[in-house]
Each structure stands twice: as C-alpha cells, then as structure tokens.
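Summary of the model geometry
One-letter residues, chain by chain:
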Amino acid sequence: MPREKRFLVADHLGGLAKWLRLLGYDAAMYPRAGFHRLVARAMREKRIYLTRNAQEAADKRSFPRRLITADHPTEQLGELRDLLSLDPQRLFCRCNRCNTPLRELPAERAAQLAPPYIVATHKHIHYCPDCGRLYWPGTHEKAIRRTLQKIFCPASSA
Ligand SMILES: [Zn+2]
C-alpha cells in the first residue's frame, strides 16, 4: 500500500485545504509560519507543499511541492487529481476547519449539544475533538458529493 498522501497548504489556499479535508486528506496549515518554517515542516512531516507562489514552487531545496494555478478551490482540487482518490468511505471524516479527525458523538452528549430536530433525524452526529464543532449529514453534503463526482468521475456525472 502506498503511503497516504499528506499536504501542507500555504496560507493563501485555505479554500483548497477545506476541500482536501472534505475528501478525508490530512491538509495542515500553519498560518503566518513563514515559508522557511513551512519548508522545514514539509520535509520533516513528509507533506506535499501546495502553493500558488511560483517563487516558492521554484525553491532550490528538495521537498515535494505542487504549484497551483487555478483561482477557484474546486478547480485547484482538480489540479491535484493525479495525487488524490475519491473514496466515499473517507468523505467527511475530518474537521474542515482545523484538520482534526472527527469522532462520533455518543447519543447522550448529542442530546445535550445538538439541536433537538437534528438529534431526532440523525443517527450519527460527529464532533471535532479539537474545536468542538458538530457535524451531521446535511443539505450541503449532497452538493459537495456532486461537485467531487464531477471532478473525479467527469464521465459518470455528465
Ligand atoms: Zn475542528
């Protein structure tokens, strides 16, 4: 099995980082860390550095990186298609705000924390152990799945 790809995303690609996390990929960001520290981290943590900055992408040091050229986050995701796979099992398993893997919220905690109509209509509610945000399948999810389908399986969704 090839090692699961991990990413380090430059500050200016926050939208792309969210999409990578929705797909289930570990996409770290270290806001305001500065380019040199990011390179050191990418090397140490074996992450692929993603940037729109051509100068950064041409840096002489040897670290995995990819220059992103598209403006829109979903087009940017499309530029990485060769590195990624769409695995329905892994969708929505990470907090898209802070990159932390989600955990399932036990029913009794869900009753305390989530709105009653959500608890009544959703069997599984997840939460981010880091920022506390709650996640459940909603109307967004269908739109996200459709967008991903278009990027990764264009023939089947035409
Ligand atoms: Zn979080």
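Comments concerning the coordination of the zinc ion
Angles at a metal have ideal values that depend on geometry: 109.5 degrees with four tetrahedral donors, 90 or 180 degrees with six octahedral donors. Within the protein, the zinc ion binds to Cys95 (SG), Cys98 (SG), Cys128 (SG) and Cys131 (SG); these donor distances fall in the range 2.2 to 2.4 Å. Metal-centred angles of 102 to 122° between the four donor atoms at the zinc ion mark the site as tetrahedral. Read in sequence order, the donor residues for the zinc ion give the motif C-x2-C-x29-C-x2-C. In this pair, Cys98 sits in the loop between helix 4 (73-79) and strand 5 (103-104) while Cys131 sits in the loop between strand 6 (126-127) and strand 7 (134-135), placing the two residues 33 residues apart along the sequence.

Focus: the sheet that holds strand 7
On the basis of which strands lie adjacent, the open sheet formed by three strands has the order 5-6-7 and antiparallel pairing. The outermost strands of the open sheet, each flanked by one partner alone, are strand 5 and strand 7. Where strand 6 meets strand 7, two bridges bridge the pair, whose relative direction is antiparallel. For Tyr127, the partnering residue across the bridge sits in strand 7 and is Leu134.

Concerning the environment of Leu50
Considering the arrangement of structural elements, one finds Leu50 in strand 3 (residues 48-51). By relative accessible area, which is 0% here, Leu50 ends up buried. Residues Leu50 and Leu67 lie 17 residues apart in sequence; the distance between their C-alpha atoms is 6.2 Å. Among all residues touching Leu50, those that are not within four sequence positions of it are Phe7, Leu8, Val9, Ala10, Leu13, Leu16, Leu20, Arg66, Ile68 and Leu80.

About the criteria used
- Residues numbered from 1 in each chain as written.
- Predicted model: local features only at pLDDT ≥ 70, side-chain atom pairs only at ≥ 80, totals over all residues.
- Heavy atoms only, no water.
- Donors = N, O, S within 2.8 Å, 3.2 Å for Na, K, Ca; no water.
- Tetrahedral: all angles 85-135°; square planar, octahedral: opposite > 155°, others 65-115°.
- Helix = DSSP H or I, 4+ residues; strand = E, 2+ residues; numbered from the N terminus.
- Pairing = 2+ DSSP bridges.
- Buried < 20%, exposed > 50% of the residue type's maximum accessible area, 1.4 Å probe, protein only.
- Contact = heavy atoms within 4.5 Å.

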